[in-house]
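Geometric and topological summary
Here's the letter readout for the chains.
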Amino acid sequence: MLLRPAGFRLIGHWALRSAILVVPPRLPLTSTRSSSTLKTRRMDAEMERPAKRGKFANEDVDESINTSATPTSTDAGEQTPDEIDPTQPLEEAQVGITEYLHPELPGFTGVLKARDYDFIVNEITPEGEVVHLKSLDCPTEPSENVESSPAENSKAEVSLIMDPSMVTETLRTLISDEETIAKITDAISTLRSGNAAYSQQLASEIVRISVPDKDQRRNVHSAIRDAFGDVLDTTGTQEGEIVFTPKIEEGGDRRNRGKNRAASKGTHRGVTKERYLEFTLVKEGSDTLSAVNTISRMLRIKSKDFSYAGTKDRKAVTTQKMTLFRTSAERLFALNKGLPSGLRVGDFRYRKTSMGLGDLSGNHFKIALRDVKHESEAATNAALEIVKASGFVNYFGMQRFGTRSAGTYIPGIHMIKGQYQEAVEAILAAKPGEREEFAKARAHWQETKNAATAIKLFPRSALAERAILTFFEKSGRLNDYWGALQAIPRNMRSLYMHAYQSLVWNHMVSERLKVYGHSVVLGDLVNVSAEQPLDPSAEDGADEVVRRRAPDADSRMQVAVVKTDDDLQKYTIHDVVLPLPGYSVLYPENTVRDKYAEFMKPHELDPFKMRTNNRETSLPGAYRHIVGLPKSFSWECVRYDAPDEKLMLTDLDQVNGAVLDLNPAGARFGLVLEFSLKTSHYATMLLRECMRQSTTAAYHAQMSTELGINVKSATVAPTEVAGEKSSLDMDQQPRESIKRTCDGEHVTA
């Protein structure tokens, strides 16, 4: 019997609770209804359902639908609701991951992510360049200014004056009194110099000047902010005076301002036109949001000043570009000595624009699989060649849905429905199997509703929980649930709703493959973005593939509905897309269309009515290819001895000059794969297609334990800062990299 903890409620005959398993609507989650009622409802549903239908889990396919369809599924791992243990992590079948594009492949086993450095991810820029960390050095010269647009030339707000020789001249254009200019110049020099002893002696008020004219006062305020806004604040008085004071950062202390500003000295020479600092972030053992929060706390700036193309997983070594608003390279560079060992920043340069979400074309992966066991080396090579050529089922991976049985899509369902209280409660509710510190914090909140004390118990990694509780503590409005949700960073907040869209999509692609196999069929949606637009002068019927673009700007893909048999020859399974549910997308015009409504109905959601009264929770939807295809796919076999020995180098290793020291005759056998994928395509799903084993973190953690790798400690220490000795043996001479396939030859894409 499944118990429903506080904070969740039944919706229809589905239970939104920590033990939830998303299953077909016709399978009950609870045993509270009589079997006769369920039987009657099922019979009614069967009478209303079209003759052609596919199957959900544990059903038989109506073979009359498409006798030529290739079987693609496996029954392994499928569970009924009564078999679920709420203390266990989510399984693949629970989030719709059940099918294979190549079910005939033999598969092989190996340990994934035994160590963070076994999973390396490098962002790919929109121009197709793989982002690598090249240098940890601080630039000695400012970046070259590029031509400014007229709009940027008209804005002086980014022209900080950093050259000491220009400070006095700039002040003379604003102030006539030389004594006042001298005081302000001295204060600016002191604050930027890092002379903490003298900085502490500065009064809270440096100087004040009388400026009777209102327009002139406005100009002075603006000019001081633009030229010296890093160290000075100005405020006006009712008497027409302007008061100059040292700038104190949020949460800062005036006694430490010299120390905080020390790294800002000499950011640029003269007037710079670039407002953003671009840098490369390498991180290990933390997700992108946590890394940004760590850096922002150390710089004592707001996390919203950072911009980046997308978030990267925690359990990996990832490299990505970021931009930071109005911060010097020297200041950011200085953090490397104090950052946690898994975080480093480098490759600094200035630019005029910030990065935006989605400013990437994909990700490049390098993945080490340990303790590989397979049928034969030849069979493994053949399987990888097949996946390289034809791809994999493009599921959203397990990391999209969280790790425990209370999936991240549960708050998302509530948010879409406008049930903000339930969404907040779902985020803060107890989650069986969590670490002890999380469990204690959640229990304390449930018992006391004391936000101030609960915040102290939650680890800093609990970003959403801490944001909600901080809002409750500061506002005192414990019933303002929408306000509490708004306190969560927007990117993280949207992930809950996106998780539900992903859940629906995964189940729908499984249905599509079960019913129709690998062939394009009538009613499918296909991507025609690269094709010529339909000629408006053509006669009706000249082209029976009807092209329609979703009206929302977020749905940029142009799709077509396949209408005639002639068009079936024009497209392949790689062209077929399915929509994530939303108000601006089209749905397939075949059996799959009805499956969307059938799947979402128990949640009291309608795929054809996704626009709500709240703009943020109104989801426009998007399209996603049902098959993913890797690029630049290569692999190599390696031999090694120690169970957690590094099998490949990270960017930081290479910057530090480290080399691999593998034993070609080692007792252990591993496989290193390297490939590129488009944005939001999951490497774990490619591995699943090749290996035929679970991709859940819990499964591979257990395999790591069996392999003899302690998940809490490693033989190899974290890579250190450049200039210091690496965890790898840097005294050894470089040896030739082992580049071969399982048959002895290196495979190239």
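See the structure shown above.
Residues numbered from 1 in each chain as written. Predicted model: local features only at pLDDT ≥ 70, side-chain atom pairs only at ≥ 80, totals over all residues. Heavy atoms only, no water.

On to the overall build of the protein chain. Along the protein chain, the regular secondary structure elements total 21 helices and 21 strands. Relative to its full complement of 749 residues, the protein chain shows a buried share of 52%. For the protein chain, the share of sequence-separated contacts (at least 6 apart) that also reach a separation of at least 24 residues comes to 77%. Counting only carbon and sulfur atoms, one obtains 49% of the accessible surface of the protein chain, whose full area is about 34,300 Å². (Helix = DSSP H or I, 4+ residues; strand = E, 2+ residues; numbered from the N terminus. Buried < 20%, exposed > 50% of the residue type's maximum accessible area, 1.4 Å probe, protein only. Contact = heavy atoms within 4.5 Å. Areas by Shrake-Rupley, 256 points an atom, 1.4 Å probe, with all protein chains shown as cover.)

Right, let's get into the side chain of Arg512. Summarising the element assignment, Arg512 is placed in helix α17 (residues 490-516). Within the structure, the side chain of Arg512 is placed 3.0 Å from the backbone oxygen of Gly517, a separation counted as a polar contact. Setting aside its immediate chain neighbours within four residues, Arg512 contacts Gly517, Ser519, Val520, Val521, Asp524, Ile573, Val576, Leu578, Val592 and Ile626. (Polar contact = N/O pair within 3.5 Å; in protein donor to acceptor, adjacent residues only side chain to side chain.)

What follows is about the nonpolar core. Ranked by internal contacts, the top residues of the largest apolar core, which has 131 residues, are Leu332, Tyr409 and Phe472. At 13 residues, the largest contribution of residues to this core is made by α17. Discounting residues that sit within four places of it in the chain, Phe472 has contacts with Val424, Trp445, Ala451, Arg477, Leu478, Asp480, Tyr481 and Ala484. Counting 20 residues, the second largest nonpolar core, distinct from the first, contains Val167, Ile184, Val211 and Val220. (Core = buried A, V, L, I, M, F, W, Y, C linked by side-chain atoms within 4.5 Å.)

Moving on to the pairing of strand β10 (residues 317-325). Of all 9 residues making up β10, 8 are buried, and the element is well covered by its neighbours. Sheet analysis places strand β4 (residues 119-124) next to β10, joined by 3 bridges and oriented parallel. The residue bridging Ile120 from the neighbouring strand is Val317, located in β10. For strand β8 (residues 276-284) and β10, the ladder comprises 9 bridges, and the chain directions are antiparallel. Residue pairing for β10: Leu281 is matched across the bridge by Gln320. (Pairing = 2+ DSSP bridges.)

So, about the pairing of strand β17 (residues 576-580). Regular strands place side chains that alternate from one sheet face to the opposite one. In terms of burial, β17 is a largely internal element, 5 of the 5 residues being buried. Alignment of strand β14 (residues 525-527) against β17, held across 2 bridges, turns out to be antiparallel. Bridge pairing links Leu525 to Val577 in β17. Pairing between β17 and strand β18 (residues 622-625): 4 bridges, direction antiparallel. The residue of β18 that forms the bridge with Leu580 is Ala622.

Sheet architecture is open: 3 strands sit in the order β5-β7-β6, paired in antiparallel fashion. A single partner strand is all that each edge strand has here, and the edge strands are β5 (207-210) and β6 (232-236). Taken pair by pair, the neighbouring strands of this sheet meet at an average axis angle of 25°, ignoring direction. Pairing geometry for β5 and strand β7 (residues 241-246), over 4 bridges, is antiparallel. When the bridges of β7 are listed, Ser210 appears paired with Glu241. Relative to β6, helix α6 (residues 214-228) is tilted by about 165°, and along the sheet it contacts β6 and β7. (Axes fitted to C-alpha atoms, helices over the stretch in contact; angles between N-to-C directions.)

Here helix α11 (residues 409-416) crosses α17 at 100°, and the two axes come no closer than 7 Å. By the angle between their axes, α11 is roughly perpendicular relative to α17. In this structure, α11 contributes Tyr409, Pro411, Gly412, Ile413, Met415 and Ile416 to the contact, and α17 contributes Arg493, Tyr496, Met497, Ala499, Tyr500 and Leu503. Partitioned by chemical class, the residues of the contact of α11 with α17 number 10 nonpolar, 1 polar and 1 charged. (Parallel < 35°, antiparallel > 145°, perpendicular 65-115°, else oblique. Nonpolar A, V, L, I, M, F, W, Y, C, P; charged D, E, K, R; others polar.)

Further remarks concern α17. When the terminal C-alpha atoms of α17 are compared, their 38 Å separation across 27 residues agrees well with the 39 Å that a helix rising 1.5 Å per residue should span. Along α17, the sharpest kink reaches roughly 30°, centred on Tyr496. For α17, a buried count of 23 out of 27 residues is recorded, marking the element as mostly surrounded by other parts of the structure. At the C-terminal side of α17, Gly517 shows a positive phi close to 70°. (Expected span 1.5 Å × (residues − 1). Bend = angle between axes of the 7 residues up to and from the residue.)

Turning our eyes to something else, we now look at the pattern of salt bridges. In this structure the tally under the stated criterion is 25 salt bridges. Linking Arg435 and Glu437 is a salt bridge whose minimum nitrogen-to-oxygen distance equals 2.9 Å. In this structure Glu437 comes out as partly exposed when scored by relative accessible area, which is 33%. Across the pair Arg493 and Glu616 runs a salt bridge whose closest N-O atoms are separated by 2.5 Å. With a gap of 123 residues between them, Arg493 in helix α17 and Glu616 in the loop between α18 (591-600) and β18 connect regions that are remote in the sequence. Pair check on accessibility: Arg493 and Glu616 agree, each one buried. Among the charged side chains, a salt-bridge network with shared partners connects Glu278, Lys321, Arg349 and Arg351. (Salt bridge = Lys/Arg side-chain N within 4 Å of Asp/Glu carboxyl O.)

To continue, consider unusual backbone geometry. At Lys113, a position not held by glycine, the phi torsion is positive, near 60°. One can find Lys113 in the loop between β3 (108-112) and β4. Even without a glycine there, the phi angle at Ser632 is positive, about 50°. Within the secondary structure, Ser632 is located in strand β20 (residues 631-640).

A rise of 1.5 Å per residue sets the reference length of helix α13 (residues 436-448), with its 13 residues, at 18 Å; its end C-alpha atoms lie 18 Å apart and thus fit the reference within 8%. Taken together, the buried positions of α13 are occupied by Phe438, Ala441, Arg442 and Trp445. The buried residues of α13 occupy an angular sector of 95° when projected down its axis, which confines them to one face. α13 presents Glu436, Lys440 and Glu447 as exposed residues on the side facing more than 90 degrees away from its buried surface. Following α13 by one or two positions, Lys449 adopts a phi angle in the positive range, close to 55°. (Arc of directions from axis to C-beta.)

Here we come to the environment of Met691. Summarising the element assignment, Met691 is placed in helix α20 (residues 683-691). Residue class for Met691 comes out buried when judged on its relative accessible area of 4%. Sequence separation between Met691 and Gly107 is 584 residues; the distance between their C-alpha atoms is 4.3 Å.

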